[in-house]
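Residues per chain are reported as follows:
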Amino acid sequence: MNTAYIYLQLYKLFDDVTPVPVDCGQLCDKACCKGDDSGMFLFPGEKEVFNLLNPDWVRIEKTDFTYDYNGKTYTTPIAMCQGYCDRYQRPLACRIFPLTPYLDKNGHMDIIVDPRAKGVCPMAKGFYLEDFDAVFIKNIKKAFSLLMKNKQFKAFMVEYSKYLDEFKRFYK
Ligand code: SF4
Ligand code: SF4
């Protein structure tokens, strides 16, 4: 199956569910979408969504972030926008911001406040996980529990969690 259809189904979990039940963009003038070139990592297989829909507001680029799976090295793409998008086509990372999945040392998946968000997002700076909407957290768990059933996705998560550790150290 084309992975685009999996992601398009997962996107629906966040069409109407947001980090908090109010428009948090009013707190910060949508700081997470500001900047001439904002970018969010695409999760493994998610690039297929953009190959399929081919939206004109996004540019997909390569990053230096790689992970190994099955003897091959994979490069992680990033979706670059200019501060606007079609809400129903935005990447998964935008939908779950400022939270993110994280694998602990035992390989157990947690949902955490994204340490990369702490310099940008007032909620990431001031909120504990339990301050976010319970349905939002539940849907993130649901989406990533499903994606984690794929071995390549799990290999990505191992590297991604190490990458987040670097930011966790910085924002301790
Ligand atoms: S930076 Fe945080 S508070 Fe502001 S719009 Fe983005 S998620 Fe909401
Ligand atoms: S794709 Fe949309 S939600 Fe994501 S950073 Fe750009 S404008 Fe914001």
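Read on for an overview of the structure. Bear in mind that the values here come from a model prediction, so they are computed numbers and not experimental data. (Residues numbered from 1 in each chain as written. Chains lettered and ligands numbered in written order. Predicted model: local features only at pLDDT ≥ 70, side-chain atom pairs only at ≥ 80, totals over all residues. Heavy atoms only, no water.)

## Considering the site of ligand 2
Defined as follows: Any residue with a heavy atom lying within 4 Å of a molecule or strand is counted as near it. Ten residue types, Ala, Val, Leu, Ile, Met, Phe, Trp, Tyr, Cys and Pro, are classed as nonpolar, four, Asp, Glu, Lys and Arg, as charged, and the remainder, Gly among them, as polar.
Taken together, Cys32, Cys33, Trp57, Cys81, Gly83, Tyr84, Cys85, Arg90, Pro91 and Cys94 make up all the residues around ligand 2. Class assignment of the residues belonging to the shell around ligand 2 gives a composition of eight nonpolar, one polar and one charged.

## Remarks on the packing of helix H1 (residues 3-11) against helix H6 (residues 134-147)
Using the following cut-off: Angular values range over 0 to 180 degrees, each being the angle between N-to-C directions of two axes fitted as lines to C-alpha atoms, with helices fitted over their stretch in contact. Under the scheme used here, helices are H or I runs from DSSP no shorter than 4 residues and strands are E runs no shorter than 2 residues, and both carry numbers assigned from the N terminus. Any angle between 65 and 115 degrees counts as roughly perpendicular, while under 35 counts as roughly parallel, over 145 as roughly antiparallel, and the rest as oblique. Should the near helix be turned counterclockwise from the far one by less than a right angle, the crossing is left-handed, whereas a clockwise turn marks it as right-handed. Two residues form a contact once any of their heavy atoms are found within 4.5 Å.
At a closest axis distance of 10 Å, the pairing of H1 and H6 adopts a crossing angle of 165°. For the element pair H1 / H6, the angle class is roughly antiparallel. H1 and H6 meet at a crossing whose hand is right-handed. Listed contacts from H6 to Ile6, Tyr7 and Leu10 of H1 are Ala143, Leu146 and Leu147. Partitioning the contact of H1 with H6 into residue classes produces six nonpolar, no polar and no charged.

## Topic: the nonpolar core
Within soluble globular proteins, side chains that are nonpolar tend to cluster in buried spots. The condition is simple: For the purposes of this section, nonpolar cores are sets of buried Ala, Val, Leu, Ile, Met, Phe, Trp, Tyr and Cys residues that join through side-chain atoms within 4.5 Å. Each residue's exposure class comes from its accessible area (1.4 Å probe, protein chains only) as a fraction of the maximum for that residue type: buried when under 20%, exposed when over 50%, partly exposed otherwise.
Ranked by internal contacts, the top residues of the largest apolar core, which has 50 residues, are Phe43, Leu92 and Phe144. Excluding residues within four positions of it along the chain, Phe144 makes contact with Phe43, Leu92, Ile96, Pro101, Met109 and Phe153.

## Let's talk about the site of ligand 1
With respect to spatial proximity, the complete set of residues near ligand 1 consists of Cys24, Gly25, Cys28, Lys30, Cys32, Phe97, Cys121, Pro122 and Met123. Looking at the shell around ligand 1, the elements that each hand over two or more residues are helix H2 (25-28) and helix H5 (122-126). Here the residues of the shell around ligand 1 are counted per class, giving seven nonpolar, one polar and one charged.

## Examining the environment of Thr100
Residue placement: Thr100 occurs in strand E4 (residues 99-103). Taking the C-alpha atoms as reference points, Thr100 and Leu164, separated by 64 residues in sequence, lie 9.5 Å from one another. In this view, Thr100 contacts Asp110, Ile111, Ile112, Asp114, Arg116, Tyr160 and Leu164; residues no more than four positions away in its chain are not counted.

## Section: the pattern of salt bridges
Applicable threshold: One speaks of a salt bridge when a side-chain nitrogen belonging to Lys or Arg is within 4 Å of a carboxyl oxygen belonging to Asp or Glu.
Counted by the stated rule, this structure contains seven salt bridges. Among the ionic pairs, Asp15 bridges to Arg95, the shortest N-O distance being 2.9 Å. In this pair, Asp15 is assigned in the loop between H1 and H2 and Arg95 in helix H4 (residues 92-96), connecting sequence segments 80 residues apart. Accessibility classification places Asp15 together with Arg95 in one group, the buried group.

## Examining the pairing of E4
Each regular strand shows side chains that alternate between the opposite faces of the sheet. As a reminder of what qualifies: The criterion for strand pairing is that DSSP finds at least two bridges linking the strands in question.
In terms of burial, E4 is largely enclosed, as five of its five residues are buried. The alternating pattern of E4 places Leu99, Pro101 and Leu103 on one face and Thr100 and Tyr102 on the opposite face, and all of these are buried. Taken together, the five bridges between E4 and strand E5 (residues 109-113) define a ladder with antiparallel strand orientation. Within E5, the residue paired with Thr100 across the bridge is Ile112. Hairpin connection between E4 and E5: a loop of five residues separates the two successive antiparallel strands, and Gly107 in this loop has a positive phi of roughly 80°.

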